[in-house]
Amino acid sequence: SQTIHQWPATLVQPVGSPLSLECTVEGTSNPNLYWYRQAAGRGLQLLFYSVGIGQISSEVPQNLSASRPQDRQFILSSKKLLLSDSGFYLCAWTFTGDTEAFFGQGTRLTVV
Amino acid sequence: SQQGEEDPQALSIQEGENATMNCSYKTSINNLQWYRQNSGRGLVHLILIRSNEREKHSGRLRVTLDTSKKSSSLLITASRAADTASYFCATTLGSSNTGKLIFGQGTTLQVKP
């Protein structure tokens, strides 16, 4: 069966520090991968999505970046965090663009 | 911009009552999906309805789709306190293989025991 792992669950980082959030999927090949951010009480904002290794589409201009070094690994990074980067980050995968999405448990990031 | 917009933003009902949430979208779709999110957790898929379907049932859930009005509704019958959560609709922008999954702002449902 397929599973998705996202870590860490919570993270407190100072302004200006780097960020690396990792997401891995098991039990499937060539998934579509997504990073979303959710502000408190709000909907999901699509940040990046990837349909293959090295193929990253950026949805929102920001100081975040994403990489897909392996087929089932998706990494969200920042060189210097801003206060506005605080939020709940969710990784997800789908078989194709319009099938059911499977979500990780999320990372609560607080930038102080 | 969001593809799907839910209405109402918040809903509070008593246990046993029905809850109806609506979703409107802007472009043509292959399907529309509904998800549930418990506070502080990831989203869980509830149901997918294809563009050639008008209604779909899953347990106490009933989803309708009106492609002419670009809208969908999620009905939860005989609600329980455990149904308290946020509910999101989602559609795909782009092709079915490489399109991106876009979520609405969600409806927060509170079911009072």
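Residues numbered from 1 in each chain as written. Chains lettered and ligands numbered in written order. Predicted model: local features only at pLDDT ≥ 70, side-chain atom pairs only at ≥ 80, totals over all residues. Heavy atoms only, no water.

(A) Structural view of the overall build of chain A. A tally of regular secondary structure across chain A gives zero helices and eleven strands. Order of helices (α) and strands (β) in chain A, N terminus to C terminus: β-β-β-β-β-β-β-β-β-β-β. Computed over the C-alpha atoms, the radius of gyration of chain A is 13 Å, within 12% of the 13 Å expected from 2.2 N^0.38 for a compact globule of 112 residues. Principal axes of the C-alpha set define a box for chain A whose edges measure 40 × 25 × 20 Å. Counting only residues that meet the buried cut, chain A has 48% of its 112 residues in that class. (Helix = DSSP H or I, 4+ residues; strand = E, 2+ residues; numbered from the N terminus. Rg over C-alpha atoms; globule rule 2.2 N^0.38 Å. Buried < 20%, exposed > 50% of the residue type's maximum accessible area, 1.4 Å probe, protein only.)

(B) Structural context of the overall build of chain B. The helix and strand inventory of chain B stands at zero helices and eleven strands. In chain B, the succession of helices and strands from N to C terminus is β-β-β-β-β-β-β-β-β-β-β. Taking 113 residues into account, the globule formula puts the C-alpha radius of gyration at 13 Å, and chain B, at 14 Å, falls close to it. For the C-alpha atoms alone, the extent of chain B along its principal axes is close to 45 × 30 × 20 Å. Relative to its full complement of 113 residues, chain B shows a buried share of 46%. A sequence separation of at least 24 residues applies to 54% of the contacts in chain B between residues at least 6 apart. Per element, the accessible surface of chain B, about 5300 Å² overall, is 45% carbon and sulfur. Here chain B contributes 13 positive and 9 negative side-chain charges, whose respective centroids are spaced 5 Å apart. (Contact = heavy atoms within 4.5 Å. Areas by Shrake-Rupley, 256 points an atom, 1.4 Å probe, with all protein chains shown as cover. Lys, Arg positive; Asp, Glu negative; His and termini not counted. Charge placed at Lys NZ, Arg CZ, Asp CG, Glu CD.)

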